[in-house]
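For reference, the chains in residue letters:
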Amino acid sequence: MAETIDHTPLVWTAGQLRQALDGLPEDTPLHVAVADGPGDFAGYSEYALVSLDQVEKDAPETGTPTTLVEYTLFADYKAGLYDPDPF
């Protein structure tokens, strides 16, 4: 039986992101490091930040149908040469 990990990362607010970006030049490229596992940034994949969008998600069932809106930063592969996806 596999061991499970209860992983609850602290999700940043827009204010925390603004504070972290304060003082950076407007044309500074941003990259996103994606952990290889929960909390494991020793070996990570690096992506380029490409957009911020509102994403609508179904809310947990509370009796009344509700939609939650979350703001999600989207990342794509960094610029470079890649083999085409065979699928």
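Further up the page is the structure itself.
Residues numbered from 1 in each chain as written. Predicted model: local features only at pLDDT ≥ 70, side-chain atom pairs only at ≥ 80, totals over all residues. Heavy atoms only, no water.

K.L.:
How do you make sense of a nonpolar patch on the surface when you look at a structure like this?
P.N.:
A cluster of nonpolar side chains, W12, L17, L21, L24, L30, L52, V69, Y71 and L73, forms an exposed patch at the surface whose accessible area comes to about 840 Å². Elements supplying a minimum of two residues to the nonpolar patch: α1 (14-21) and β3 (67-77). By residue number, the principal contributor to the nonpolar patch is β3, which donates three residues. Within the secondary structure layout, L52 lies in strand β2 (residues 40-58). Using a relative accessible area of 52% as the deciding quantity, one classes L52 as exposed. (Patch = residues over 30% accessible without salt bridge, like charges linked within 9 Å, V, L, I, M, F, W, Y side chains within 5 Å. Areas by Shrake-Rupley, 256 points an atom, 1.4 Å probe, with all protein chains shown as cover. Salt bridge = Lys/Arg side-chain N within 4 Å of Asp/Glu carboxyl O. Helix = DSSP H or I, 4+ residues; strand = E, 2+ residues; numbered from the N terminus. Buried < 20%, exposed > 50% of the residue type's maximum accessible area, 1.4 Å probe, protein only.)

K.L.:
Which parts of the structure should I look at to understand the sheet that holds β2?
P.N.:
Hydrogen bonds between backbone groups are what pair the strands of a sheet, and the pairing can be parallel or antiparallel. Strands sit in the order β1-β2-β3 across an open sheet of three strands; the sheet is antiparallel. Of all strands in the sheet, those with a lone pairing partner are β1 (31-37) and β3, marking the two edges. Within the sheet, the average angular offset between the axes of one strand and its neighbour, ignoring direction, is 55 degrees. Two strands pair when backbone bridges link them, and β1 and β2 are joined in this way by six bridges, in the antiparallel orientation. (Pairing = 2+ DSSP bridges. Axes fitted to C-alpha atoms, helices over the stretch in contact; angles between N-to-C directions.)

K.L.:
Explain the packing of aromatic side chains to me, please; I cannot follow it from the model alone.
P.N.:
The geometry of an aromatic ring pair is captured by two quantities: the separation of the ring centres and the angle between the planes. Taken as a whole and judged by the stated rule, the model has two aromatic pairs. Members of the aromatic cluster, joined through ring pairs, are Y47, Y77 and Y82. (Phe/Tyr/Trp six-rings, centres within 6.5 Å; stacked < 30°, edge-to-face > 60°.)

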